[in-house]
Amino acid sequence: SYLYGGVVQYRAGETLGPRVLGDYELVLIIEGQVTYCVDRRDYPVPPDSVILARPGFHESYRWDPVGQTRHAYFHFEMARMPDDWPDPNTWPIVRNRAVPAS
């Protein structure tokens, strides 16, 4: 139904939330160590990781305590979920970057 987003920078130690998310949001952490809290569970989110938040999430962010955090995001709503997609409740919340095998 809609899509909008941008790139945001936060100073060390800033927070966002708590809030109840009203739509879907995809967040790509570009710089900084982030802690994402949803429904009382903390997720560590290093750079190059993605958060896929869903409507109704009770969420908050703790941005990097010692350096700046920069992230790209977009909010979106879907008029109809494709029939061949899995239930959004089964989608991962955080996908951390893959660490290459040595």
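In the block above lies the structure referred to throughout.
Residues numbered from 1 in each chain as written. Predicted model: local features only at pLDDT ≥ 70, side-chain atom pairs only at ≥ 80, totals over all residues. Heavy atoms only, no water.

Visitor: Sorry, what's going on with the environment of valine 94 here?
Guide: Here valine 94 lies in strand S9 (residues 94–95). Measuring from C-alpha to C-alpha, the distance between valine 94 and methionine 78 comes to 20 Å, with 16 residues separating the pair along the chain. Contacts of valine 94, omitting those with residues within four sequence positions, involve Tyr36, Tyr43, Pro44, Val45, Val50 and Ile51. (Helix = DSSP H or I, 4+ residues; strand = E, 2+ residues; numbered from the N terminus. Contact = heavy atoms within 4.5 Å.)

Visitor: Quick question: what am I supposed to make of the nonpolar core here?
Guide: For soluble globular proteins, nonpolar side chains are generally found buried alongside one another. Counting residues in each nonpolar core, the largest one holds 16 residues, and the members touching the most others are Tyr36, Val45 and Ile51. When contributions to this core are tallied by element, the ones reaching two or more residues are strand S3 (24–31), strand S4 (34–38), strand S5 (41–45) and strand S6 (50–53). Tallying contributions element by element places S4 first for this core, with three residues. For tyrosine 36, the contacting residues outside a window of four places in its chain are Arg41, Asp42, Tyr43, Val45, Ile51, Ala53, Phe57, Glu59, Ser60, Tyr61, Ile93 and Val94. (Core = buried A, V, L, I, M, F, W, Y, C linked by side-chain atoms within 4.5 Å. Buried < 20%, exposed > 50% of the residue type's maximum accessible area, 1.4 Å probe, protein only.)

Visitor: What is the right way to look at the sheet that holds S4 in this model?
Guide: In any sheet, the strands associate via hydrogen bonds between backbone groups, in a parallel or an antiparallel arrangement. As summarised here, the arrangement of the four strands in space is S2-S7-S4-S5, forming an open sheet in which the pairing is antiparallel. Edge positions in the open sheet fall to strand S2 (15–20) and S5, since each of these has one partner strand only. The average undirected angle you get between the axes of adjacent strands in this sheet is 15°. Across five bridges, S4 lies against S5 in antiparallel orientation. Paired with tyrosine 36 across the two strands is tyrosine 43, which belongs to S5. (Pairing = 2+ DSSP bridges. Axes fitted to C-alpha atoms, helices over the stretch in contact; angles between N-to-C directions.)

Visitor: Explain the pattern of salt bridges here, please?
Guide: It is possible for side chains bearing opposite charge to pair when their charged atoms get close. Under the defined criterion, the tally for this structure stands at six salt bridges. Here glutamate 25 and arginine 19 are joined by a salt bridge, their closest N and O atoms 2.9 Å apart. Accessibility expressed as a relative area gives 4% for glutamate 25, which makes it buried. Put simply, glutamate 59 and arginine 19 hold a salt bridge, and the shortest N to O gap is 2.6 Å. With a gap of 40 residues between them, glutamate 59 in strand S7 (residues 58–62) and arginine 19 in strand S2 connect regions that are remote in the sequence. On the basis of relative accessible area, arginine 19 is assigned to the partly exposed category, the value being 27%. Sharing partners across several salt bridges, the network here consists of Arg19, Glu25 and Glu59. (Salt bridge = Lys/Arg side-chain N within 4 Å of Asp/Glu carboxyl O.)

Visitor: Even after reading the chapter, I still don't get the packing of aromatic side chains, so can you show me in this structure?
Guide: Any pair of aromatic rings gets described here by the distance separating the centres and the angle formed by the planes. Inspection of every chain in the model, using the stated rule, returns nine aromatic pairs. Ring geometry for tyrosine 2 and tyrosine 4: centres 6.1 Å apart, planes at 20°, overall stacked. What makes tyrosine 2 partly exposed here is its relative accessible area of 37%. Taking the centre distance of 6.5 Å and the plane angle of 35° together, the rings of tyrosine 36 and tyrosine 43 count as tilted. (Phe/Tyr/Trp six-rings, centres within 6.5 Å; stacked < 30°, edge-to-face > 60°.)

Treat this as a map of the structure, not an account of what it does.
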